[in-house]
Each structure stands twice: as structure tokens, then as C-alpha cells.
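Letter by letter, the chains look like this.
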Amino acid sequence: MNTSPLLDILCYPDPRLHTVARPVAAVDDRIRGLIERMFATMYDANGIGLAATQVNVHERLVVIDVSEERNQPMVLINPEIEWASPEKRKGEEGCLSVPGIYDGVERSLAVRVRALDSAGQPRVLEAEGMLAVCIQHEMDHLMGKVFVEHLSLFKQGRIKSKLLKAQREATRS
């Protein structure tokens with residue numbers, strides 16, 4: 001059982017979600033503790049990926065687990081996409097920072113990513129399908145971009161209004 005305290009997830013349109021993350025300087029106990037808390041937060045929220053930006057830590061760190069059993073945790077520190085397939089597909093995406101909203105986003109079908117793992121060791125990962133989509137989605141967060149920004153301005157406005165209204169109602173109750 002994980003006893004790590006959960007982190008607060010920023011909700012769109014919070015301007016802090018648009019902060020570009022800086023590289024992690026050292027994979028140390030602080031970062032390993034953050035990784036543990038990010039996994040606890042992601043699993044608690046039923047997510048498959050979480051970028052540090054979403055918990056108001058503006059460093060290049062992503063945690064992912066796309067497995068059904070929730071037993072394949074993956075850590076990407078200072079990730080860089082080396083290659084993305086020219087073949088793309090539009091698929092339905094959601095986001096822990098945009099609760100209750102799902103829409104189609106076009107992403108590359110496969111990617112190759114270079115990153116450090118939780119021990120600070122370099123690794124290269126080739127991913128396709130759901131994992132490739134998740135990596136691209138989380139890396140957008142590190143660049144200060146939320147998935148709704150891939151949608152039309154009209155849809156962005158509707159989503160922003162809906163979420164702001166929900167936040168106002170939540171603070172009233």
C-alpha cells in the first residue's frame with residue numbers, strides 16, 4: 001500500500017499549466033520522492049500519465065503506467081523525442097488537468113524517446129499505440145501545452161467556460 005501524500009493536480013485553465021519545464025538537474029532523493037508522490041497521485045486519480053507540470057513542479061519529469069493491472073510504472077526524466085512516425089492517427093484523449101473532457105487529438109503512431117530513468121540511467125524507449133500517445137501527451141505538458149490546445153478555438157472556449165463554471169460551483173458548496 002502506498003502511503004505517499006497525494007499532490008494537488010492543477011486544472012485547466014490554470015496559467016501555471018503553460019509553464020515550460022526546465023531540465024531536472026540531478027536525480028536525487030528529492031526527485032525520487034516526487035516520483036513516488038506523482039505515481040500515488042496518478043493512480044489515485046485513475047490516470048495513465050502525469051507530468052510534473054500538472055502538480056505545479058516545473059521540471060522535465062513524467063510518470064506513466066498504461067497497463068490494465070497498474071503494474072508497469074515508467075519514469076521519464078528529461079525526455080526528448082528522437083523520432084516520431086510520420087503516420088498519425090486521431091484518437092480520443094482525456095487529461096487529469098481537464099476533468100471530464102475527452103476529444104480527438106492527432107498524434108504520431110510511434111515514437112522513440114531518450115530519457116533518464118528513476119536511477120538516473122539513460123535509456124531509449126520505442127513506443128507505439130497507447131504508450132506513444134501518452135508519452136506525446138505528457139511531453140506536451142512539459143512544453144506548457146494542454147491537449148485541448150490541439151482543438152479548435154471554439155472548442156477551447158467552450159471547455160474553458162465549462163471548467164471555470166464547475167470550479168466556481170465547487171467553491172460555493
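Residues numbered from 1 in each chain as written. Predicted model: local features only at pLDDT ≥ 70, side-chain atom pairs only at ≥ 80, totals over all residues. Heavy atoms only, no water.

**Brief notes about helix 2 (residues 129–142)**
For clarity, the cut-off: Only DSSP runs of H or I reaching four residues or more are called helices, and only runs of E reaching two or more are called strands; each is numbered from the N terminus. Expected span, for any helix, means 1.5 Å times one less than how many residues it has.
Relative to the 20 Å expected for 14 residues at 1.5 Å per residue, helix 2 spans 21 Å between its end C-alpha atoms, a close match to the ideal helical length. Taken from the residues just after helix 2, Gly144 is the one with a positive phi, measuring 80 degrees.

**Describing the sheet that holds strand 1 (residues 49–51)**
Convention followed: Note: two strands are recorded as paired if DSSP finds a minimum of 2 bridges between them. All axes here are fitted lines through C-alpha atoms, helices being fitted over the stretch that makes contact, and every angle between N-to-C directions spans 0 to 180 degrees.
Read from one edge to the other, the open sheet built from five strands follows the order 1-2-3-6-7, with strand pairing classed as antiparallel. Two strands in the sheet have a free side with no partner beyond their single neighbour: strand 1 and strand 7 (122–128). Adjacent strand axes in the sheet meet at a mean angle of 40 degrees when their direction is disregarded. Two elements, strand 2 (residues 61–64) and strand 3 (residues 74–84), share four bridges in a ladder whose sense is antiparallel. Bridging across to strand 3, Leu61 finds its partner in Ile77.

**Examining the environment of Pro86**
Defined as follows: For every residue, the accessible area obtained with a 1.4 Å probe (protein chains only) is divided by the maximum for its type, and the residue is called buried under 20%, exposed over 50%, and partly exposed between those limits.
Among the structural elements, Pro86 can be located in the loop between strand 3 and strand 4 (88–95). Owing to a relative accessible area of 64%, Pro86 belongs among the exposed residues under this scheme. Taking the C-alpha atoms as reference points, Pro86 and Ala110, separated by 24 residues in sequence, lie 8.6 Å from one another.

**Quick notes on a nonpolar patch on the surface**
Quick note on the threshold: Only residues above 30% relative accessible area that lack a salt bridge enter a patch, with like-charged residues linked at up to 9 Å and the nonpolar side chains Val, Leu, Ile, Met, Phe, Trp and Tyr linked at up to 5 Å. We get accessible surface area from the Shrake-Rupley algorithm with a probe of 1.4 Å; when it comes to residues, only the shown protein chains can shield them. What counts as a salt bridge is simple: a side-chain nitrogen of Lys or Arg found within 4 Å of a carboxyl oxygen of Asp or Glu.
On the surface, Ile48, Val66 and Met130 cluster together into a nonpolar patch covering about 230 Å² of accessible area. In this structure, Met130 sits in helix 2.

**Points about the environment of Ala127**
Here is the rule we go by: Throughout, a residue-residue contact means that at least one pair of heavy atoms, one from each residue, lies within 4.5 Å.
Within the element layout of this structure, Ala127 appears in strand 7. Judged by its relative accessible area of 5%, Ala127 falls in the buried class. For the pair Ala127 and Glu69, spaced 58 residues apart in the sequence, the C-alpha separation amounts to 19 Å. If we ignore the near neighbours within four places in the chain, the residues touching Ala127 are Leu109, Ala110, Val111, Ala132 and Ile135.

**A few points about the pattern of salt bridges**
Tallied over the full model, the rule gives ten salt bridges. The closest approach of N and O atoms between Arg32 and Asp29, which form a salt bridge, is 3.2 Å. Placement of the pair is Arg32 and Asp29 together in helix 1 (residues 29–44), with a separation of three residues, close to one helical turn. Owing to a relative accessible area of 63%, Asp29 belongs among the exposed residues under this scheme. Here Glu126 makes a salt bridge to Arg112, at a shortest N to O gap of 3.7 Å. Of this pair, Glu126 sits in strand 7 while Arg112 sits in strand 6 (residues 110–116), placing them 14 residues apart in sequence. Look at the salt bridges and you will find they share partners, linking Glu82, Arg112, Arg114 and Glu126 into a network.

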